[in-house]
Amino acid sequence: MKLFKLVAGLAMACLLLSVAGCTTTGLVSAVGQATGVTIPSSKALAVADSLRTAEDLATTYLSGCVAAKSHTGACAYGDTVYNDAKAANIARDNLLAFISQHGDVPLGAGGVYDAATTALSTLQSVLTQTGVYKPAANS
Amino acid sequence: MNSTTITAIINLVTALLPTLEAGAVTLYADVKQLLADANASGAATPDQVSQVQALDAASDAALEKAHAAYAALATN
């Protein structure tokens, strides 16, 4: 109950202050920092794995468009998919570098965990538009 | 603060309530998951990290190759 009050309070503060970029991810991170939450390195590694899976889907999409010789219509997202995948790669590499050097990842530690999960969400979002990624029904 | 302003504020809050409620529910679920993740045990070994990095390198190369071919479509 205390946690819910804290979260609700942060959400209300976010609304009242109209802070740009005040997203759920940011609030979750803020709660994590306030409570000293550390993400186990195995969990962070799983996020890195998910990023690679999404990258492979991006490659599948681009290859499909190349095979179809199409740069328009359903294949018009190619550059966006590529740019999001590249951004995700940077976030993934930073996360892996942190795990290699420090092990578990405290939230707020350079934002490496937030950046990776946000990049994954962004890439999955554009891949959903292309139709190559289908979110699980319960996610 | 006059009654018109108060009424406007009440109307605004009333209009925002469904959004606030939905946001709070989502946020609560996210934080609950975050804490569950944090409580999960497990440290990645250096070997596991190296394996992931090796797989990443292969995927990165495949992505670059696919995008180069895709970009070439536009110029042909």
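Being a predicted model, the structure only gives us computed values, none of them experimental. Counting starts from 1 at the beginning of each chain's written sequence and moves along it residue by residue. Each chain gets a letter, beginning with A, and each ligand a number, beginning with 1, in the order they are written. Local features in this predicted model are restricted to residues whose pLDDT is 70 or higher, and side-chain atom pairs enter the listing and the counts only when it is 80 or higher, whereas totals over whole chains, interfaces and linings include all residues.

A. Inspection of the interface of chain A and chain B at higher detail. Note that contacts rest on C-beta atoms placed from the backbone: two residues are in contact if these are within 7 Å. With 41 residues of chain A at the contact, the number on the chain B side is 32 residues. Breaking the side of chain A that touches chain B down by element, the ones donating at least two residues are α1 (2-17), α2 (24-34), β1 (38-39), α3 (41-67) and α4 (78-102) of chain A. The numbering of helices and of strands both runs from the N terminus, where a helix is a DSSP run of H or I of at least 4 residues and a strand a run of E of at least 2. Of the residues forming the side of chain A that touches chain B, the biggest block, 15 residues, is contributed by α3 of chain A. A breakdown of the residues in the side of chain A that touches chain B according to their chemical character gives 21 nonpolar, 12 polar and 8 charged. Charged means Asp, Glu, Lys or Arg here, nonpolar means Ala, Val, Leu, Ile, Met, Phe, Trp, Tyr, Cys or Pro, and polar covers whatever is left, Gly included.

B. Highlighting the domain arrangement of chain A. All names here are of chain A. Just so you know, the domain bounds were taken from an automatic or database domain assignment. Along its sequence, chain A is carved into domain 1 (1-36) and domain 2 (38-139). At the junction of the two partners, domain 1 supplies 4 residues and domain 2 supplies 5 residues. By residue class, the composition of the side of domain 1 that touches domain 2 is no nonpolar, 4 polar and no charged.

C. Broad picture of the domain arrangement of chain B. Split by domain assignment, chain B resolves into domain 1 (1-42) and domain 2 (44-76). With centres defined by C-alpha atoms, the gap from domain 1 of chain B to domain 2 of chain B works out at 40 Å.

D. The packing of α3 of chain A against helix α5 (residues 112-130) of chain A, seen in detail. Residue and element names in this part refer to chain A. A fitted line through C-alpha atoms serves as each axis, taken over the contacting stretch for helices, and the angle formed by two N-to-C directions is quoted from 0 to 180°. Here α3 crosses α5 at 30°, and the two axes come no closer than 10 Å. Judged on the interaxial angle alone, α5 and α3 are roughly parallel. Two packed elements cross with a definite hand, and for α3 against α5 that hand is left-handed. Contact residues: A44, V47, A48, S50, L51, A54, L57, A58 and Y61 in α3; Y113, A116, T117, A119, L120, L123, Q124, L127 and T130 in α5. Of the residues belonging to the contact of α3 with α5, the class tally is 14 nonpolar, 4 polar and no charged. Note on terminology: angles under 35 degrees are roughly parallel, angles over 145 are roughly antiparallel, angles of 65 to 115 are roughly perpendicular, and the others are oblique. When the near helix sits turned anticlockwise from the far one by under a right angle, the crossing is termed left-handed; a clockwise turn instead gives a right-handed crossing.

E. Up close: the confidence of the model for chain A. Per-residue confidence from the prediction method is given by pLDDT, with values spanning 0 to 100. Taken over all residues, the pLDDT of chain A has a mean of 81, while the share at 70 or more is 81%. Of all helices and strands in chain A, the one with the weakest mean pLDDT is α1 of chain A (51), whereas α4 of chain A scores best (93).

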